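# Coordinate inspection notes
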Amino acid sequence: MALRSVVSRKTLAPALRHYRSLTTFTLPDLPYDYGALEPAISGEIMRLHHQKHHQTYVTNYNKALEQLDAAVSKGDVRGVVQLQSALKFNGGGHVNHSIFWQNLKPVSEGGGEPPHGALGWAIDKDFGSLEALVKKINSEGAALQGSGWVWLALDNEQKILKVETTPNQDPLVTKGTSLVPLLGIDVWEHAYYLQYKNVRPDYLTNIWKVINWKYASEVYEKESA
Amino acid sequence: MALLRSIAISSNKTLTLARSARSLTMATLPPLPYSYDALEPVISGEIMMLHHQKHHQTYVTNYNSALELLHTAMDKGDVSAVVGLQSAVKFNGGGHINHSIFWKNLRPVNAGGGEPPHKKLGWQIDTDFGSFNALISKMNAEGAALQGSGWVWLAFDKELKRLKVETTANQDPLVTKGATLVPLLGIDVWEHAYYLQYKNVKLEYLKNIWKVINWEYAGEVYEKEAQWCDLSEENK
């Protein structure tokens, strides 16, 4: 830190900036085999979805991060602003899919078992019943125009559960900073087309068989503590 | 019809009876100008069948439903409902418009699909993009970079009298990007347009689709809009 006394304000900035390290991201492992969610979601879909789609978001997010770092270092404001679209899309893709893999679980490991405890009670309170919640999520997911996600969210501020949708790869937080994702269902065509073709409602009906309510409960209990 | 109208004029309430006599033109699925497998190996028969019979048909069906609801809401003077229906009208109406253009933008190879544009459109492409290949590169790049679902267009700007490459999100028709834009060519980059065959590799789909693009149709639309006819008569 003797360095600080030697250099002027102008040169201080670039020298210190080079010491900042850039954290890049990696594709998280799938906690189960590609074929483990069959017949609800085919192994082919899971493999492409994880190894191609999610990987591409990670790769492109890291690229955008590096470009952002360079632009920030150069003081290139226009460059920084222009990169926001790539950061949001690819960063969002990484965030959303990382949650998604945890939202799914093979039947043999508890996938599909309805929520108990605090989350089960909150669902009954805020939606009337689990069936009502599932129906609402399916309806909103089916009606989503284009690509996007349908979420079961906890509003941390109002302390209630909500069903939300986000377009493209927008993370849930873009719908409200107090929203915590408990469950996200990918309704981009790549998530179901090879198996369900145009019949998105069938995909939505079937995915509940492999939903990991245990994870959703853990997140809920942690956030409501 | 005239009798109904004269009876209805008696009161404001029964006047609405006359309004109900207003006709509603429903949309119908246009037939494909070629067989489902005629674009193979560029676009599989399975994709063409699903794309036409399921996806486009659904837009037509849902547009008609929205239209009927709109008709009713207008009759009742229900402004909230009219506004509430606009999303369904835009999405499904747009889907119908876009896909109707798309089927005409494609053509089997043995019927001229893939043959590059000549004459006026060819010349305009060279003027506005430098070369035909430059246009292809640009459209492929924009199509590949499109986030989510949408379309990439070759458009003719009627006002500026020049060609442009544009993209639209979801089923937004080209006109939402500018009232003076005329679609010459649209390429569907929704995943349903290519996934069964090309999986996640959208760029491969884009590179290949040029083999079945119907430049003759694009040329016809361009010449009609650019009103080259007069000039060509003078040059003869």
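Note that this is a predicted model, so its numbers are computed, not measured.

Conventions and cut-offs
Residues numbered from 1 in each chain as written. Chains lettered and ligands numbered in written order. Predicted model: local features only at pLDDT ≥ 70, side-chain atom pairs only at ≥ 80, totals over all residues. Heavy atoms only, no water. UniProt positions renumbered as here; feature names shortened; annotations may be inferred. Helix = DSSP H or I, 4+ residues; strand = E, 2+ residues; numbered from the N terminus. Contact = heavy atoms within 4.5 Å. Buried < 20%, exposed > 50% of the residue type's maximum accessible area, 1.4 Å probe, protein only. Polar contact = N/O pair within 3.5 Å; in protein donor to acceptor, adjacent residues only side chain to side chain. Buried area = accessible area lost by both parts, 1.4 Å probe. Salt bridge = Lys/Arg side-chain N within 4 Å of Asp/Glu carboxyl O. Axes fitted to C-alpha atoms, helices over the stretch in contact; angles between N-to-C directions. Parallel < 35°, antiparallel > 145°, perpendicular 65-115°, else oblique. Nonpolar A, V, L, I, M, F, W, Y, C, P; charged D, E, K, R; others polar. Pairing = 2+ DSSP bridges. Phe/Tyr/Trp six-rings, centres within 6.5 Å; stacked < 30°, edge-to-face > 60°.

### Let's talk about the UniProt feature "domain: Manganese/iron superoxide dismutase C-terminal" (unreviewed entry) in chain B
- With numbering aligned to this structure, UniProt lists the feature "domain: Manganese/iron superoxide dismutase C-terminal" (unreviewed entry) at residues 118-218 of chain B.
- As a span, residues 118-218 of chain B carries 41% helix and 24% strand, and end to end its C-alpha atoms are 11 Å apart.

### Observations regarding the UniProt feature "binding site: Mn(2+)" (unreviewed entry) in chain A
Residue and element names in this part refer to chain A.
- As recorded in UniProt, the sites labelled "binding site: Mn(2+)" (unreviewed entry) are His49, His97, Asp186 and His190. Their sequence span is 142 residues, while the largest C-alpha to C-alpha distance among them is just 12.5 Å; these annotated residues converge on one region.
- Positionally, His49 belongs in helix α3 (residues 43-74).
- When residues no more than four places from it in sequence are discounted, the contact partners of His49 are His54, His97, Phe100, Trp101, Asp186, His190 and Ala191.
- When its relative accessible area of 0% is taken as the criterion, His97 is described as buried.
- Apart from residues no more than four positions distant in its own chain, His97 is found in contact with His49, His54, Tyr57, Trp149, Gln169, Asp186 and His190.
- Side-chain polar atoms of His97 contact the side chain of His49, separated by 3.0 Å.

### A few points about the interface of chain A and chain B
- Contacts between the two partners involve 18 residues from chain A and, on the opposite side, 18 residues from chain B.
- Interface area, chain A with chain B, both sides summed: about 1,800 Å², of which 55% is carbon and sulfur.
- The largest contributions to the chain A side of the interface with chain B come from Gln145(A), Glu189(A) and Tyr193(A), which together make up 34% of the buried area.
- Applying the counting criterion to the chain A and chain B interface returns zero salt bridges.
- For the pair chain A and chain B, the number of links is eight residue pairs in polar contact (both at pLDDT 80 or more).

### Here's the deal with the side chain of Asn208(B)
Residue and element names in this part refer to chain B.
- Looking at the element boundaries, Asn208 is found in helix α9 (residues 202-209).
- Residue Asn208 is classed as buried on the basis of its relative accessible area of 14%.
- If sequence neighbours within four positions are ignored, Asn208 has contacts with Val42 and Tyr198.

### Section: the packing of helix α6 (residues 119-129) of chain B against helix α10 (residues 215-226) of chain B
Residues and elements named next belong to chain B.
- Where α6 contacts α10, the axes come no closer than 8 Å and their chain directions differ by 85°. Viewed along their axes, α6 and α10 adopt a mutual orientation that is roughly perpendicular. Across from Lys119, Lys120, Leu121, Gln124 and Ile125 in α6, the residues of α10 making contact are Trp215, Ala218, Gly219, Tyr222 and Glu223.
- Tallied by class, residues from the contact of α6 with α10 come to five nonpolar, two polar and three charged.

### Considerations on the pairing of strand β1 (residues 148-155) of chain A
All names here are of chain A.
- For β1, a buried count of eight out of eight residues is recorded, marking the element as mostly surrounded by other parts of the structure.
- Burial of the side chains of β1 extends over both faces: Gly148, Val150, Leu152 and Leu154 are buried on one face and Trp149, Trp151, Ala153 and Asp155 on the other.
- In textbook terms, the turn of a hairpin is the stretch between consecutive antiparallel strands, and for β1 and strand β2 (residues 160-167) this stretch comprises four residues, one of which, Lys159, has a positive phi near 55°.
- Both β1 and strand β3 (residues 179-186) contribute to a ladder of seven bridges, which runs antiparallel.

### Quick word on the packing of aromatic side chains
- Tallied over the full model, the rule gives 19 aromatic pairs over all chains.
- Centroid distance Phe102(B) to Trp151(B): 5.4 Å. Interplanar angle 90°. Geometry classified as edge-to-face. A residue pair is termed long-range when its members are at least 10 positions apart, and Phe102(B) in helix α5 (residues 86-105) and Trp151(B) in strand β1 (residues 150-157) qualify at 49 residues.
- By relative accessible area, which is 1% here, Phe102(B) ends up buried.
- For Trp151(B), a relative accessible area of 0% puts it in the buried group.
- Taken together through their ring pairs, the aromatic side chains of Phe100(A), Trp101(A), Trp149(A) and Trp151(A) make up a single cluster.

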